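What follows is the residue order along each chain.
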Amino acid sequence: MTALKLIAQYVLDKLSEKRPLFIALQGPQGSGKSYLATHLRSFLQEPPHSLRVAVLSIDDLYLPHKELVLLAASNPENILLKGRGQPGTHDVDLGVQILSALKASNGTIELPRFDKSLYLGEGDRLPMDGTGPLILQPPQLDVVIFEGWCVGFHPISDEELLSRWNGVWETERQKLGLNLDRVCRLIDVKTVNDNLKQYLRLWSFFDVFVQLKPEAPPFSHLSQYAVVYKWRLEQEHNMKARNGGEGMSDAAVKSFVDRYIPGYVFFGDFPPLAIDENLEGSSTKVVSGLTIVLDKMRSVTGTSTF
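Here the structure is a predicted model, which is why all the values come from computation and not from measurement.

Novice: It is not clear to me how the nonpolar core should be interpreted in this structure. Could you clarify?
Specialist: The nonpolar side chains of soluble globular proteins are, as a tendency, buried together. Core analysis: the largest hydrophobic core is formed by 61 residues, its most contacted members being Leu-99, Leu-102, Trp-169, Trp-203 and Ile-261. It is helix α9 (residues 250–267) that contributes the most residues to this core, nine residues altogether. Those residues within four positions of Trp-169 in sequence are excluded, and the remaining contacts are Arg-164, Leu-178, Leu-180, Val-183, Cys-184, Ile-261, Pro-262, Val-265 and Phe-266. Formed by 27 residues, the second largest nonpolar core is a distinct cluster that contains Ala-8, Leu-36, Ile-145 and Leu-290.

Novice: Would you mind showing me how to read the packing of aromatic side chains here?
Specialist: The description of an aromatic ring pair rests on the distance of the ring centres and on the angle between the ring planes. Counting across every chain of the model gives 18 aromatic pairs. For the pair Trp-169 and Phe-266, a centre-to-centre distance of 5.9 Å together with 40° between the ring planes defines the contact as tilted. Of this pair, Trp-169 sits in helix α6 (residues 168–176) while Phe-266 sits in helix α9, placing them 97 residues apart in sequence. Considered together, Trp-169 and Phe-266 belong to a single accessibility category, that of buried residues. Joined through ring pairs, the aromatic side chains of Phe-22, Phe-146, Phe-205, Phe-206, Phe-209, Phe-270 and Phe-306 make up one cluster.

Novice: What should I look at first to understand the sheet that holds strand β1 (residues 21–26) in this one?
Specialist: Picture the strands of a sheet paired through backbone hydrogen bonds; they go either parallel or antiparallel. Pairing within the open sheet is mixed, and its six strands lie in the order β2-β7-β1-β8-β11-β12. Only two strands of the sheet have a single neighbouring strand rather than two, namely β2 (53–57) and β12 (300–305). The mean angle between the axes of side-by-side strands here comes to 15°, regardless of whether they run parallel or antiparallel. Bridge count between strand β11 (residues 288–294) and β12: five bridges; the pairing is antiparallel. Each residue of the ladder has a partner; that of Ile-292, found in β12, is Thr-303. Those strands touched by helix α1 (residues 3–14) are β1, β7 (143–148), β8 (208–214), β11 and β12, and its axis lies near 175° from that of β11.

Novice: Would you mind going over the packing of helix α5 (residues 158–166) against helix α7 (residues 186–203) with me for this structure?
Specialist: Think of two packed helices as two axes; the pair is described by the angle between the axes and how far apart they sit. At a minimum axis separation of 11 Å, α5 and α7 run at an interaxial angle of 135°. As the angle between them shows, α5 and α7 are arranged oblique. The way α5 lies across α7 gives a crossing that is right-handed. Mapping the contact onto sequence places Leu-161, Leu-162 and Trp-165 in α5 and Leu-186, Val-189, Lys-190 and Asn-193 in α7. Taken together, the residues of the contact of α5 with α7 break down into five nonpolar, one polar and one charged.

Conventions and cut-offs
Counting from 1, residues in each chain are numbered in the order their sequence is written. Only residues with pLDDT of at least 70 get local features here, since the model is predicted, and only at 80 or more are side-chain atom pairs given and counted; chain-wide, interface and lining totals rely on the full set of residues. Derived side-chain values reflect all non-hydrogen atoms in the structure, with water molecules and hydrogen atoms excluded from consideration. To form a nonpolar core, buried Ala, Val, Leu, Ile, Met, Phe, Trp, Tyr and Cys residues must be joined to one another through side-chain atoms within 4.5 Å. Three labels apply to residues, based on accessible area from a 1.4 Å probe with only protein chains included: buried if under 20% of the type maximum, exposed if over 50%, partly exposed otherwise in between. Runs of H or I in DSSP of at least four residues are treated as helices and runs of E of at least two as strands, each being numbered from the N terminus. Here a residue-residue contact requires only that any non-hydrogen atoms of the pair lie within 4.5 Å. Each pair of aromatic rings taken from Phe, Tyr and Trp, with Trp reduced to its six-membered ring, is defined by centres within 6.5 Å and is described as stacked if the planes are under 30 degrees apart, edge-to-face if over 60, and tilted in the remaining cases. Pairing between strands is defined by DSSP: at least two bridges between them are needed. Helix axes are fitted only over the stretch in contact, all axes being lines through C-alpha atoms; the angle between N-to-C directions runs from 0 to 180 degrees. We call two directions roughly parallel when the angle between them is under 35 degrees, roughly antiparallel when it is over 145, roughly perpendicular when it lies between 65 and 115, and oblique otherwise. In a left-handed crossing the near helix is turned counterclockwise from the far helix by less than a right angle, and in a right-handed crossing that turn is clockwise. For this classification, the nonpolar set comprises Ala, Val, Leu, Ile, Met, Phe, Trp, Tyr, Cys and Pro, the charged set comprises Asp, Glu, Lys and Arg, and every other residue, Gly included, is treated as polar.

The structure is reproduced here in structure tokens:
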């Protein structure tokens, strides 16, 4: 069964529990999140389901280019913040505002857009001036799909962070041939970890999570994240083929993905944690979800639930 059919059936099974049903879709760069989200919306909107569906990408919540430049300049030693990508480079307040409006089920909501081709691939958020996608309610939405590479990533303790730094991170870094001085320092990862605390406000909206996960490599000396470079390069080539060549060079894509790898290693565990805003204090809940394992051609090789 294809990933699209698996996710569609999973969503339809969950739909009776709550409307609008908030679905979070996480997966590495180039794994097909945007493709699946778009086609899932089309599938659910068509008869016999005829559902109202909205799709939002966390990429569209990136800070405007000017703010990304200022963020990098104010953190000159932190390579992870040199450009969009890691937690800390998104407008979390805007995301909470948009999701709250979609949940409220009334009024007209304009969804933000981020154009990744601008500024030689650094990208910029487009003005919210009424020209973007508009969601009109009522009638109430049935499904909200929120996709992104770090959706569901949660902060970890300082002790766990240090353990991963000396353990799994060192192993994966060596497998990928990453130069430590050109990727991140321990303090850089700690900064991203602190930034993730704000993102729990976004995750708290979601009822279920769907994760796309690369299958384990056949040999122990290979990294499970090596395929991300292949997927992301294909994604950039496809975008440039559509827009006349605007975007990153192959070398820039390699450096771009390098900055993302620590995010997967340190924070990509599932099931994700989310703040339960209905409880007093900072209690957490574990949400249910579906994991779909993909081979390098993005074909499904396994599934599991959590």
